[in-house]
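# Fold and geometry: a report
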Amino acid sequence: MRQINLTSSLATQVLDIARGASAVIMAVYEDMRSGSAAGKEVLVTYKTDDSPLTRADLLAHQHISQRLAALTPDIPVVSEEDDQSQKYRQPIGDFWLIDPLDGTKEFLAQNGEFTVNIALVRDGKAVLGVVVAPALGQAYWGGEGLGALRELNGRLESIRVGDPVGANQPVRVVASKSHMNTETIEFIDRLSPHELVQAGSSLKFCRVAEGAADVYPRLGPTCEWDTAAAQAIVEAAGGQVSKLDGTPLRYGKAEVLNPHFVASSVPLGDSLMLR
């Protein structure tokens, strides 16, 4: 099966595709915020898991799928919004894995913390990732051998995870209030002292990648498309994304649901996790 070369040029082209999808999403977002007739048609339906599906999800899916197919005709595209594409989600070879609009609930709540996620998966590993938060003017990308970068309102810079936390320093934990279940609370309590950093969608990973948080525990359900792009960025920035047994989170599994995992600035077994 063909593999595409990982280059800065490829990352830039994928970033452009994500930005195009972001523009499509923001047009719907502004219609919704303005209360226009088009905005009232944003909500399309609910999926079987009760998650919302909007016109913005579908338009972004179409944009990304078509552009990636034109960019790399031999690499299949797997999208959250295309059930037929799931057959290409395999443990061997290359495939694109996309979440056209991650954080649809944030989109509907109009809080700005939603993202476009595009990842390249190779032999089960996320090797290139792009995350764009259009309403916040933020973009993150990175990959194997490429490092990690962010753009904040037009300012471009390299990013790196934070240094190991000192014995008397609080661990900065990024988590979502809506996913703060008992297991997560118990995990965070082990890291005391700690302070919470709030973020939505895949931006939680990005806070670790840029050194604004030390650890992101996710002890609740996620799917592969929710995590792949941001995992590639965290790892390109020098961090780790591991299952609770310390092994890396992988893709192309028989089951699309992820196991529980922790994204962190240091390996799971190091002192950050054992305090």
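You'll find the structure just up there.
### Some details on the overall build of the protein
When you go through the protein residue by residue, the secondary structure sums to six helices and 14 strands. Here the C-alpha radius of gyration of the protein, 18 Å, is about what a compact globule of 275 residues would show, namely 19 Å. Dimensions of the protein along its principal axes, counting C-alpha atoms only, are 55 × 45 × 40 Å. The burial tally for the protein puts 53% of its 275 residues in the buried class. Once local pairs closer than 6 in sequence are excluded, the contacts in the protein between residues at least 24 apart make up 62%.

### Details of the nonpolar core
Ranked by internal contacts, the top residues of the largest apolar core, which has 38 residues, are L97 and F205. At the level of secondary structure, the elements contributing two or more residues to this core comprise β4 (94-102), β5 (115-122), β6 (125-133), α5 (203-209), α6 (224-236) and β14 (261-264). Among the elements that line this core, the one with the most residues is α6, at eight residues. I4, I17, V28 and W96 belong to the second largest nonpolar core, which has 33 residues in total.

### Some points on the packing of aromatic side chains
This model, assessed by the stated rule, comprises six aromatic pairs. Within the aromatic cluster, the residues linked to one another by ring pairs are Y29, F107 and F114.

### Considering the environment of S242
Looking at the secondary structure, you find S242 in strand β13 (residues 240-243). Classification of S242 by relative accessible area gives buried; the value is 6%. A C-alpha to C-alpha distance of 20 Å links S242 and Y140, two positions 102 residues apart in sequence.

### Here's the deal with the state of the cysteines
Taken as a whole and assessed by the stated rule, the structure comprises zero disulfides. Among the cysteines around C206, which has no disulfide bond, C223 carries the closest sulfur, lying 19 Å off. Judged by its relative accessible area of 1%, C206 is buried. Overall, C223 belongs to the buried group, its relative accessible area being 16%.

### Some points on the environment of I64
With respect to the helices and strands, I64 occurs in helix α2 (residues 55-71). Sequence-wise, I64 and D16 are 48 residues apart; in three dimensions their C-alpha atoms are separated by 10.0 Å. Ignoring sequence-local partners within four residues, the contact set of I64 consists of I17, A21, I98, P100, V116 and I118.

### Details of the pattern of salt bridges
This model, assessed by the stated rule, comprises eleven salt bridges. Taking the shortest distance from any N to any O, the salt bridge between E30 and R33 comes out at 3.9 Å. Here E30 pairs with R33, and both are found in helix α1 (residues 8-34), just three residues apart, close to one helical turn. Put simply, R172 and D214 hold a salt bridge, and the shortest N to O gap is 2.9 Å. Placement of R172 in strand β10 (residues 171-175) and of D214 in the loop between α5 and β12 (215-218) is noted, with a sequence separation of 42 residues between them. Salt bridges linked by common partners bring R150, R155, E157, R207 and E210 together as one network.

Cut-offs applied
- Residues numbered from 1 in each chain as written.
- Predicted model: local features only at pLDDT ≥ 70, side-chain atom pairs only at ≥ 80, totals over all residues.
- Heavy atoms only, no water.
- Helix = DSSP H or I, 4+ residues; strand = E, 2+ residues; numbered from the N terminus.
- Rg over C-alpha atoms; globule rule 2.2 N^0.38 Å.
- Buried < 20%, exposed > 50% of the residue type's maximum accessible area, 1.4 Å probe, protein only.
- Contact = heavy atoms within 4.5 Å.
- Core = buried A, V, L, I, M, F, W, Y, C linked by side-chain atoms within 4.5 Å.
- Phe/Tyr/Trp six-rings, centres within 6.5 Å; stacked < 30°, edge-to-face > 60°.
- Disulfide = S-S within 2.5 Å.
- Salt bridge = Lys/Arg side-chain N within 4 Å of Asp/Glu carboxyl O.

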